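Geometric and topological summary
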Number of protein chains: 2
Amino acid sequence: MAEQHELRDRGLRLTPQRELVLAAVRELGHATPEEVAEKVRQSHPGINLSTVYRNLETLENVGLVLHTHLGHGGATYHAAEELTHLHLVCGVCGSVGDAPIEAAASFVTSLADDFGFRTDVSHFAIYGTCADCFDPNL
Amino acid sequence: MAEQHELRDRGLRLTPQRELVLAAVRELGHATPEEVAEKVRQSHPGINLSTVYRNLETLENVGLVLHTHLGHGGATYHAAEELTHLHLVCGVCGSVGDAPIEAAASFVTSLADDFGFRTDVSHFAIYGTCADCFDPNL
DNA sequence: AATAAAGATGCGAATCCCTCGCAAGTAGTG
DNA sequence: CACTACTTGCGAGGGATTCGCATCTTTATT
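The rules behind each value
Residues numbered from 1 in each chain as written. Chains lettered and ligands numbered in written order. Predicted model: local features only at pLDDT ≥ 70, side-chain atom pairs only at ≥ 80, totals over all residues. Heavy atoms only, no water. Near = heavy atom within 4 Å. Polar contact = N/O pair within 3.5 Å; in protein donor to acceptor, adjacent residues only side chain to side chain. Helix = DSSP H or I, 4+ residues; strand = E, 2+ residues; numbered from the N terminus. Nonpolar A, V, L, I, M, F, W, Y, C, P; charged D, E, K, R; others polar. Phe/Tyr/Trp six-rings, centres within 6.5 Å; stacked < 30°, edge-to-face > 60°. Lys NZ or Arg CZ within 6 Å of the ring centre and 35° of its normal. Contact = heavy atoms within 4.5 Å. Pairing = 2+ DSSP bridges. Buried < 20%, exposed > 50% of the residue type's maximum accessible area, 1.4 Å probe, protein only. Arc of directions from axis to C-beta.

Considering the protein's contact with DNA strand C
A:Tyr53, B:Arg13, B:Arg18, B:Thr51 and B:Arg54 are the nearest of the 20 residues found near DNA strand C. The side chain of B:Arg18 places a nitrogen or oxygen atom 2.7 Å from a phosphate oxygen of DNA strand C. The side chain of B:Arg54 places a nitrogen or oxygen atom 2.8 Å from a base nitrogen of DNA strand C. Taken together, the elements giving at least two residues each to the surface near DNA strand C come down to helix H4 (49-61) of chain A together with helix H2 (16-28) and helix H4 (49-61) of chain B. The biggest single contributor to the surface near DNA strand C is H4(B), with four residues.

This is the structure in structure tokens:
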């Protein structure tokens, strides 16, 4: 249960940077590498952006972290265990809303049944306009 | 019906570059700015990449073209009228498969009803693993 | 047709985001 | 405590996109 184990059990070395990157992703919910770096710098000012990128990649390789492309360009990282919702990305305000994964269940099933396509919910980003930005007058 | 009108009617000037960019997007189905530029160069070798970017943006502003983020990083552009399908992006081979938009109809409806979220099908990219890359042994 | 004003284009520089290479530092092992 | 492999920091490198600006075109007007 100690954090050390989850890293070492997966064959990773325990470095302060690595642990901080993972902790940051978990705290932030979803964040860009830049945001993760900023978070980590609160307790470890010297961390290098390259290190953040490399650790995110490493953590993703062992399944502790996942990334999604939410549109703008950069990737967004999530802790693997927090992926219990869909991401509703608003193209107007850029906000990322959540919706329960079950909302997509039948959709996912029909894609699998009809097209043999296995939808990866972790990479599932939905674009549109959120309720706040949707103006009936337009 | 003439192409001139669809551009001028939307307040845009008619330039050879603009028309060629639009034509290229229509011919290509979906393409990156780079690919559009390459296509345009077949008949207008001197076109500048900046011009392609600017025109894609302009055409998008007036609704003739749309873009999606298919994951890798760069945006992919589509002619607005050709958006009659969903994009199933395979994370393994990178292929972009199609599925009829109706497959998502009930999903879109429930997001609207339950969350007030208006899903923009044009920006709708679905990540997962295509039938060809899906190996039951994994 | 000639002309003026608004817009577009080309070009090069500048950014942004991310990746690399390398030397120095550090965790894990016996 | 020493050794080896993996990590980190740092700076350079690279690809994609954006910007600034001078020049040229399209359009609306004479």
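Okay, back to it.
Side note on the protein's contact with DNA strand D
Taken together, 20 residues lie near DNA strand D, and A:Arg18, A:Thr51, A:Arg54, B:Leu14 and B:Tyr53 sit nearest. At 3.1 Å, a side-chain N or O of B:Ser50 approaches a base nitrogen of DNA strand D. At 3.4 Å, a side-chain N or O of B:Arg54 approaches a base oxygen of DNA strand D. Counting residues per element, the ones that place at least two in the surface near DNA strand D are helix H2 (16-28) and H4 of chain A together with H4 of chain B. Top element by residues in the surface near DNA strand D is H4(A). It accounts for four residues. For the surface near DNA strand D, the residue count by class is four nonpolar, ten polar and six charged.

So, the packing of aromatic side chains
Scanning all chains against the criterion turns up one aromatic pair over all chains. With a centroid separation of 5.1 Å and an interplanar angle of 10°, the aromatic rings of A:Phe107 and B:Phe107 are classed as stacked. Taken together, the residues A:Phe107 in helix H5 (residues 105-115) and B:Phe107 in helix H5 (residues 105-115) connect one chain to another. If you follow B:Arg118 out to its NZ or CZ, it ends over the ring of A:Phe134, 4.0 Å from the centre.

Quick look at the side chain of A:Glu6
All names here are of chain A. By secondary structure assignment, the location of Glu6 is in helix H1 (residues 3-8). A polar contact is formed between the side chain of Glu6 and the side chain of Arg26, at a distance of 2.9 Å. With residues up to four places along the chain from it excluded, the contact list for Glu6 reads Leu22, Arg26 and Leu64.

Thoughts on the environment of B:Ala23
For B:Ala23, the location among the structural elements is in helix H2. Along the chain, B:Ala23 and B:Ala79 lie 56 residues apart, while their C-alpha atoms are 8.9 Å from each other.

Focus on the sheet that holds strand S1 (residues 30-31) of chain B
Residue and element names in this part refer to chain B. Reading across from one edge, S1-S3-S2 is the order of the three strands in this open sheet, with antiparallel pairing throughout. Of all strands in the sheet, those bounded by a partner on one side alone are S1 and strand S2 (65-69). Of the pairings in the sheet, the one linking S2 to strand S3 (residues 75-79) comprises five bridges and is antiparallel in character. Note on S3: the bridge partner recorded for Val65 is Ala79.

Structural notes on helix H3 (residues 33-41) of chain B
Residues and elements named next belong to chain B. Considered for burial, the residues of H3 that qualify are Pro33, Val36, Ala37 and Val40. Buried residues of H3 fall within an arc of 100° about the axis and therefore sit on the same side. Close packing links the buried residues of H3 with H2, S1, H4 and S3.

Things to note about the environment of A:Arg118
By secondary structure assignment, the location of A:Arg118 is in strand S6 (residues 118-119). With a relative accessible area of 36%, A:Arg118 lands in the partly exposed category. Spatially, the C-alpha atoms of A:Arg118 and A:Val52 are 30 Å apart, while their sequence positions differ by 66 residues. Setting aside residues up to four positions removed in sequence, A:Arg118 forms contacts with B:Tyr127, B:Gly128, B:Thr129 and B:Phe134.

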